[in-house]
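Structural overview
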Amino acid sequence: SLLMNNMSTFEEYFYKNIGLKIREYRKKQKLTQEKLSEILGLNYKYIGHVERCERKISFKVLAQIIEYFKVQPYEFFTFNIKYNY
């Protein structure tokens, strides 16, 4: 994706997994990318870009998403893929 070239390996891992988590919680709620973007007051393509790791999510938006889905931070940041240092 577009951002990958400018990211460290860990940063790429981190943003990619955040995108996967957002997609997971969004699909559980049966929301489209556009609908979640609208709910959060963002450009309708924003969530799609974040999920595909084409755009870095801001901490402010990430906090809004975690709060919207009413998920504990430790659950949100428990990624299915282990990072190899």
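Description of the structure in this document. (Residues numbered from 1 in each chain as written. Predicted model: local features only at pLDDT ≥ 70, side-chain atom pairs only at ≥ 80, totals over all residues. Heavy atoms only, no water.)

Re the overall build of the protein chain
Note the threshold: Runs of E in the DSSP output that reach at least two residues are strands. Runs of H or I that reach at least four are helices, and both are numbered from the N terminus. For the radius of gyration, the atom set is restricted to C-alpha positions; the globular benchmark scales as 2.2 Å times the number of residues to the power 0.38. Burial classes follow relative accessibility: with a 1.4 Å probe on protein chains only, a residue under 20% of its type's maximum area counts as buried, one over 50% as exposed, and anything between as partly exposed. Contact between two residues is taken to exist if any of their heavy atoms lie within 4.5 Å; hydrogens are not considered. A positive count includes Lys and Arg, and a negative count includes Asp and Glu. His and the chain ends are not counted in either. Every charge is mapped to an atom, namely NZ of Lys, CZ of Arg, CG of Asp or CD of Glu.
Along its length, the protein chain carries 5 helices and 0 strands. In the protein chain, the order of α-helices and β-strands from amino to carboxyl end is α-α-α-α-α. The globule rule puts the C-alpha radius of gyration for 85 residues at 12 Å, and the 12 Å found for the protein chain is close to it. Dimensions of the protein chain, computed from the C-alpha atoms along their principal axes, are close to 35 × 25 × 20 Å. In the protein chain, which comprises 85 residues, the proportion classed as buried is 38%. Contacts in the protein chain between residues at least 24 apart in sequence constitute 65% of all its contacts with a sequence separation of at least 6. Seen as two clouds, the 15 positive and the 9 negative side-chain charges of the protein chain have centres 2 Å apart.

Regarding the packing of aromatic side chains
Note on aromatic pairs: each is described by the distance of the centres and the angle between the planes. Applied cut-off: Centres within 6.5 Å make a pair out of two Phe, Tyr or Trp rings, where for Trp the six-membered ring is used; the pair is then stacked when the planes are under 30 degrees apart, edge-to-face when over 60, and tilted otherwise.
A full pass over the atoms with the stated rule returns 15 aromatic pairs. An angle of 65 degrees between the planes, with centres 6.4 Å apart, marks the rings of Phe 77 and Phe 79 as edge-to-face. Here Tyr 83 and Tyr 85 contribute two aromatic rings whose centre-to-centre distance is 4.7 Å and whose plane-to-plane angle is 80 degrees, an arrangement assigned as edge-to-face. Looking at Tyr 83, the relative accessible area reads 18%, which means it is buried.

Points about the environment of Glu 51
Note the threshold: Polar contact is defined as a pair of N or O atoms within 3.5 Å, subject to the rule that within protein one atom must be able to donate a hydrogen and the other to accept it, and that residues adjacent in sequence are counted only when both atoms are side-chain atoms.
Within the secondary structure, Glu 51 sits in helix H3 (residues 46–51). Between the C-alpha atom of Glu 51 and that of Arg 23, which follows or precedes it by 28 residues, the distance is 6.3 Å. Filtering out sequence-adjacent residues up to four positions away, Glu 51 remains in contact with Gly 19, Ile 22, Arg 23, Arg 26 and Gln 33. There is a polar contact of 3.0 Å between the side chain of Glu 51 and the side chain of Arg 23.

Observations concerning helix H4 (residues 59–68)
The following threshold applies: This arc is built from the directions going out from the helix axis to the C-beta atoms.
For H4, the complete set of buried residues consists of Val 61, Leu 62, Ile 65 and Ile 66. Within H4, the buried residues cover an arc of 135 degrees as seen down the axis, which keeps them to one side. Facing away from the buried surface of H4 by more than 90 degrees, the exposed residues are Phe 59, Lys 60 and Glu 67. In the core, the buried residues of H4 are packed alongside helix H1 (9–28), H3 and helix H5 (73–76). Within two residues after H4, Lys 70 carries a phi angle of roughly 50 degrees, on the positive side.

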